[in-house]
Amino acid sequence: MLAQVVVDVPTRQTNQPYTYAIPEELRQYVVVGMRVVVPFGQGARKVQGFVVGLLTTDLNGFDGELKAISQILDLYPIVNAELLKLSDWLANWTFSFRISILQAMLPNVMRAKYTRYLQLVDEVDDEILYGIFHGQERIIFDENTLTATSLAQLAKLRRNKQVVVTYEVTSKAKVKTESGIQTSLSFEQLEDIKLGLRANAKQQNKLLSYLQTLEPGEVVSQHQLRDRLALSNAVINTAVRQGWASKQPIEIYRQPSKTIVQPDQPKVLHSQQAKALQKIKAASGTPTTFLLEGVTGSGKTEVYLQAIDYELQHGKTALMLVPEISLTPQMMHRVKKRFGTKVAVLHSGLSAGERFDEWRRIERREATVVIGARSAIFAPLENIGIIIMDEEHEASYKQDENPRYHARDVAKWRSAYYNAPLILGSATPSLESRARAQKGVYQLLMLTERINQQALPEVKLIDLRQKIMHAKEQSVADELLVAIKERMAQHEQSVLLLNRRGFSSFVMCRDCGLVVQCPNCDIGLTLHMDTKTLKCHYCGHEEAIPTQCPNCRSKAIKYYGTGTQKVEIELQKLLPTARVIRMDLDTTSKKGAHEKLLKAFGNHEADILLGTQMIAKGLDFPDVTLVGVLNADTGLGIPDFRASERTFQLLTQVAGRAGRADKPGTVFIQTYNPTHYAIKMAQAHDYEKFYRYEMQIRHLAKYAPYYFTIKIQASHADERTAALMMTKIGQWLRQRLTAEVTILGPTPRSIARIKNRFYYQIILKYQNVPIVEQVMQELQLIAQANSRNGMQLIIDREPLNFM
Ligand SMILES: Nc1ncnc2c1ncn2[C@@H]1O[C@H](COP(=O)(O)OP(=O)(O)OP(=O)(O)O)[C@@H](O)[C@H]1O
Ligand SMILES: [Zn+2]
Ligand SMILES: [Zn+2]
């Protein structure tokens, strides 16, 4: 028997698996989906790989010439058949290597270097206990020291759940345990010991009686035992010393969120919700994609929850994606309230250990509902009955680094694999999705009304062009201040958004105009008042704010830009009694900070929630009746064809935070472009009109959704080399591709230098040209060959970022 192995060799990547012989002693255990160690290349260095196939053909002697698998890293497949198949497809789709997809599918812990342990969780024969475990409960798992027979026995023990494999990475991601107590003595033996006790040894007697009630192999937690029997640790330790009981670690899960959630009940749906749910239920068991287009506050979440419930009742599992869950703790709570301990949560705010624990709960089928951000789309759920993507238009669903996949594409694949409906939900769908619904590829479900027939908030524009005349350095206009005061008087709350996209605070010399630049990147440094430093948001470079201009020695250094901190100070001056909660990168960098701040706001501990984009979506606070956008335009100037779409989406989303319960809401938008269509149509809450208008523009400019795009970027430490390489690639592409493919560039990208590497890019636009796929695969191999010369090539299918 031979194994096909995808190996992890950065400079020699290929999607072609290599064939390895399986040594006699491993023959029974090597299965598809397992990680193995194999010799690779001339030096036969040991590398990690995934078994992706087994060949039963016996090559009669030929396999003697093949290199053989050196060891196995798992006792069972850690990537199941479905995910293996998905990795194959996704590697081709994203023009990346299969190994990088396989690794993206696993929690970090399993990617890193770790020590594996074998841990007994049940009683075993002495032969195994002493032969393999040397009388201990836990040993380091090292195949090289184990015989084939031992491996066979271990595999069997694992199947019988008597032994588990645990992983430890540099202290962080270990299986968390607490101390447990068990006894290996029989009832009678314990009875004999009790008889031998001194009459006043009451505590020990109590403990021994308790031990007599345990099933063979049963482990009880030491702290529970202590509490229940009111024993001291000393009594327990004595019993252990005497050999009456032994200590045994018990595996426990870390709890990502300690907040206790009160369970809730499904709500009675209003008629539009009920109609949508009914269509979704009717599609159960089919790979139908729905676009649920529902205005803000129309109750999309309730539809998701009831659709999930329906599938759970039919014995299926459910997968729900949210843009970045640490930003939307409210959504997580709603799901947990409804489904309790069935829910596993996966997102970047968890520690590596917590993530690993949640992942194992899914893998062991203890969790049947998974909610998480982008990479949760790879959750090892089986038997999926429904997949939901909330805020499907969000750019964070696309991974901006290798492998550059979009969670929506993966969701569609898994939906097809499991015959499970996929629901894409948004108040402002991406143009791509809305266009597919128009064509009938997706089923369109509309929720046009808010809960309780509440009207969408009235939106007023404040024209900043006229305000400039006053030249007051004030970031909150007087009208908006008045409105905030009114809300405060009525004990209502306000949300203020400072749009940070394409915008940053910086320092400039007033005498010579110098803006302090990053030494490694072609971009100005951003001012951070809390640390009194200038930071580069691309490479992390940080330096003190200069007191003197590095160019002309002038001391006239001025701070520019409206940061959230500056607005906060301004608000304190203008509205001294207002209580403000500020949410931005600085105030939320600590773990759990988002949740805490939002909870405080929900408890009315503040009148104003001031923040960046992170407060724009998902929040559902009944007493918020006023929303102010301080700068609507900063995102419009970005050189990206989606600039208008993003601006429209952001404004609509944030406006939607106002007036969601029984009180009507009002929105103020401060803008320099009050006549821009994205702003006008957001003011009118008219997504459909925006969609039609923007589609015409996309059509004329040949962009998505009419055309597919691929971004190709090459970077090199030497600018000339980068330019030269890209020119060659451009020429090669023009030869290989027909005139139906538009090839733009090469041009330096808009930030040409990042981390001291120079970037050049080419954009391809095309409609239906099958050869593009093949040419990109070839280019990927060319890039591979060139990586030795220090060139890095990125192929990005449907890029969401053109900077
Ligand atoms: N059928 C219903 N009956 C009563 N209340 C409901 C019903 N459906 C939803 N709600 C409540 O209405 C509010 C708004 O619903 P929800 O947050 O689900 O809207 P949404 O469409 O997801 O909004 P957004 O896109 O703005 O985040 C919530 O507080 C929710 O609990
Ligand atoms: Zn100067
Ligand atoms: Zn930098």
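Residues numbered from 1 in each chain as written. Chains lettered and ligands numbered in written order. Predicted model: local features only at pLDDT ≥ 70, side-chain atom pairs only at ≥ 80, totals over all residues. Heavy atoms only, no water.

*Asks:* I keep staring at the coordination of the zinc ion (ligand 2) and nothing clicks. Help me out?
*Replies:* Under ideal tetrahedral coordination, the four donors around a metal are separated by 109.5 degrees; under ideal octahedral coordination, the six donors are separated by 90 or 180 degrees. At the metal site, the zinc ion (ligand 2) is ligated by Cys509 (SG), Cys512 (SG), Cys549 (SG) and Cys552 (SG), and these contacts range over 2.3 to 2.4 Å. One way to put it: the four donor atoms around the zinc ion (ligand 2) meet at angles of 105 to 115°, and that makes the site tetrahedral. Each donor residue of the zinc ion (ligand 2) belongs to the same chain, with the gaps between them written as C-x2-C-x36-C-x2-C. (Donors = N, O, S within 2.8 Å, 3.2 Å for Na, K, Ca; no water. Tetrahedral: all angles 85-135°; square planar, octahedral: opposite > 155°, others 65-115°.)

*Asks:* What am I meant to see in the UniProt feature "binding site: Zn(2+) 2" (unreviewed entry) in the protein here?
*Replies:* What UniProt calls "binding site: Zn(2+) 2" (unreviewed entry) maps, in this numbering, to Cys518, Cys521, Cys536 and Cys539. For this annotated set, covering 22 residues, all C-alpha atoms fall within 8.7 Å of each other, a compact arrangement in space. For Cys518, the position within the fold is in the loop between strand 21 (506-509) and strand 22 (526-528). With a relative accessible area of 3%, Cys518 lands in the buried category. Within the element layout of this structure, Cys539 appears in the loop between strand 23 (533-535) and strand 24 (542-544). Cys539 gets classed as partly exposed once you look at its relative accessible area, which sits at 23%. The residues contacting Cys539, other than those within four sequence positions of it, are Cys518, Asn520, Cys521 and Lys755. (UniProt positions renumbered as here; feature names shortened; annotations may be inferred. Helix = DSSP H or I, 4+ residues; strand = E, 2+ residues; numbered from the N terminus. Buried < 20%, exposed > 50% of the residue type's maximum accessible area, 1.4 Å probe, protein only. Contact = heavy atoms within 4.5 Å.)

*Asks:* What's the story with the UniProt feature "binding site: Zn(2+) 1" (unreviewed entry) in the protein in this structure? I'm lost.
*Replies:* In this numbering, the UniProt entry assigns the feature "binding site: Zn(2+) 1" (unreviewed entry) to Cys509, Cys512, Cys549 and Cys552. Spanning 44 residues, the named residues form one tight spatial group whose C-alpha atoms are at most 8.6 Å apart. Note on placement: Cys509 falls in strand 21. Setting aside residues up to four positions removed in sequence, Cys509 forms contacts with Leu514, Cys549, Cys552, Ser554 and Ala556. Relative to the helices and strands, Cys512 resides in the loop between strand 21 and strand 22. If we skip the residues at most four places from it in the chain, Cys512 touches Cys549, Asn551 and Cys552.

*Asks:* I'm lost on the site of ligand 1 in this one. Help?
*Replies:* Around ligand 1, the surrounding shell holds 18 residues, and the nearest of these are Val268, Lys300, Arg334, Asp620 and Arg660. A distance of 2.9 Å separates a nitrogen atom of ligand 1 from a polar atom in the side chain of Gln273. In this structure, Gly299 approaches ligand 1 through a main-chain N or O atom, which is 3.1 Å from an oxygen atom. Isolated, ligand 1 exposes 630 Å² of accessible area, and the fraction of that covered by the protein chains is 84%. With three residues, the single largest contributor to the shell around ligand 1 is helix 11 (residues 300-313). Along the lines of polarity and charge, the residues of the shell around ligand 1 split into four nonpolar, seven polar and seven charged. (Near = heavy atom within 4 Å. Polar contact = N/O pair within 3.5 Å; in protein donor to acceptor, adjacent residues only side chain to side chain. Areas by Shrake-Rupley, 256 points an atom, 1.4 Å probe, with all protein chains shown as cover. Nonpolar A, V, L, I, M, F, W, Y, C, P; charged D, E, K, R; others polar.)

*Asks:* Where do I start with the packing of helix 23 (residues 719-736) against helix 24 (residues 771-786) in this structure?
*Replies:* When two helices pack together, their arrangement is given by the angle between the helix axes and by the axis-to-axis distance. Put simply, helix 23 and helix 24 touch, their axes get as near as 11 Å, and they point 150° apart. The angle between helix 23 and helix 24 places the two elements in the roughly antiparallel class. When you trace helix 23 past helix 24, the crossing you get is right-handed. Judged by residue contacts, Met725, Ile729, Trp732, Leu733 and Arg736 of helix 23 engage Ile771, Gln774, Val775, Met776, Glu778, Leu779, Ile782 and Asn786 from helix 24. (Axes fitted to C-alpha atoms, helices over the stretch in contact; angles between N-to-C directions. Parallel < 35°, antiparallel > 145°, perpendicular 65-115°, else oblique. Left-handed = near helix turned anticlockwise from the far one by under 90°.)

*Asks:* How do you make sense of the sheet that holds strand 26 (residues 580-583) when you look at a structure like this?
*Replies:* Hydrogen bonds between backbone atoms are what pair the strands of a sheet, whose relative direction is either parallel or antiparallel. Pairing is parallel in the open sheet, where six strands are placed in the order 19-29-28-20-27-26. For this open sheet the edge positions go to strand 19 (458-463) and strand 26, each flanked by a neighbour on one side alone. Between one strand axis and the next, the sheet turns by 15° as a mean value, whatever way the strands run. Pairing of strand 20 (residues 493-497) with strand 28 (residues 624-629) involves five bridges; the strand directions are parallel. Directly across from Val495, in strand 28, lies its bridge partner Val627. The strands touched by helix 17 (residues 478-489) within the sheet are strand 19, strand 20, strand 27 (608-611), strand 28 and strand 29 (666-671), with strand 28 carrying the most contacts at an inclination of about 160°. (Pairing = 2+ DSSP bridges.)

*Asks:* Is there a simple way to explain the packing of aromatic side chains in this structure?
*Replies:* Two numbers describe a pair of aromatic rings. These are the distance of the centres and the angle of the planes. Going through the model one piece at a time under the given rule, you end up with 14 aromatic pairs. Where Tyr687 meets Tyr691, the ring centres are 6.4 Å apart and the plane angle is 15°; that geometry is what we call stacked. With Tyr687 and Tyr691 both in helix 22 (residues 687-701) and four residues apart, the pair spans about one turn of that helix. Summarising the burial analysis for this pair, Tyr687 and Tyr691 share the class buried. These aromatic residues form a ring-pair network of at least three members: Phe648, Tyr677, Tyr687, Phe690, Tyr691 and Tyr693. When the ring centre of Trp93 is taken as reference, the NZ or CZ atom of Arg797 above it lies at 3.6 Å. (Phe/Tyr/Trp six-rings, centres within 6.5 Å; stacked < 30°, edge-to-face > 60°. Lys NZ or Arg CZ within 6 Å of the ring centre and 35° of its normal.)

*Asks:* Can you walk me through the pattern of salt bridges in this structure?
*Replies:* Two side chains bearing opposite charge may form a pair once their charged atoms approach each other closely. Using the criterion set out here, one finds 27 salt bridges in the structure. Note that Asp796 and Arg404 form a salt bridge whose closest N and O atoms lie 3.9 Å from each other. Within this pair, whereas Asp796 is found in strand 33 (residues 792-797), its partner Arg404 is found in the loop between strand 16 (384-390) and helix 14 (407-418), the two being separated by 392 residues in sequence. A relative accessible area of 15% places Arg404 in the buried class. Taken together, the shared-partner salt bridges connect Asp264, Glu302 and Arg338 into one network. (Salt bridge = Lys/Arg side-chain N within 4 Å of Asp/Glu carboxyl O.)

*Asks:* I would appreciate a short explanation of the nonpolar core in the present structure.
*Replies:* The nonpolar side chains of a soluble globular protein tend to be buried with one another. Among the nonpolar cores identified, the biggest contains 46 residues, and Val79, Leu319, Ile362, Val370, Ile377 and Phe378 are the most heavily contacted of them. Viewed by domain, this core spans two of them, domain 1 (2-111) and domain 4 (271-447), each represented by three or more residues. Excluding its chain neighbours within four sequence positions, the residues that come into contact with Leu319 are Val370, Ala376, Ile377, Ala379, Leu381, Ile384, Ile386, Ile387, Ile388 and Arg414. With 39 residues, the next largest nonpolar core counts Ala600, Met614, Ile615 and Phe648 among its residues. (Core = buried A, V, L, I, M, F, W, Y, C linked by side-chain atoms within 4.5 Å. Domains from an automatic or database assignment.)

*Asks:* Can you walk me through the pairing of strand 13 (residues 317-321) in this structure?
*Replies:* Looking down a regular strand, the side chains alternate between one sheet face and the other. The buried fraction of strand 13 amounts to five of the five residues, a majority that puts the element mostly inside the structure. The alternating pattern of strand 13 places Thr317, Leu319 and Leu321 and Ala318 and Met320 on opposite faces, both of which are buried. Of the pairings in the sheet, the one linking strand 13 to strand 15 (residues 369-372) comprises four bridges and is parallel in character. The residue bridging Leu321 from the neighbouring strand is Gly372, located in strand 15.

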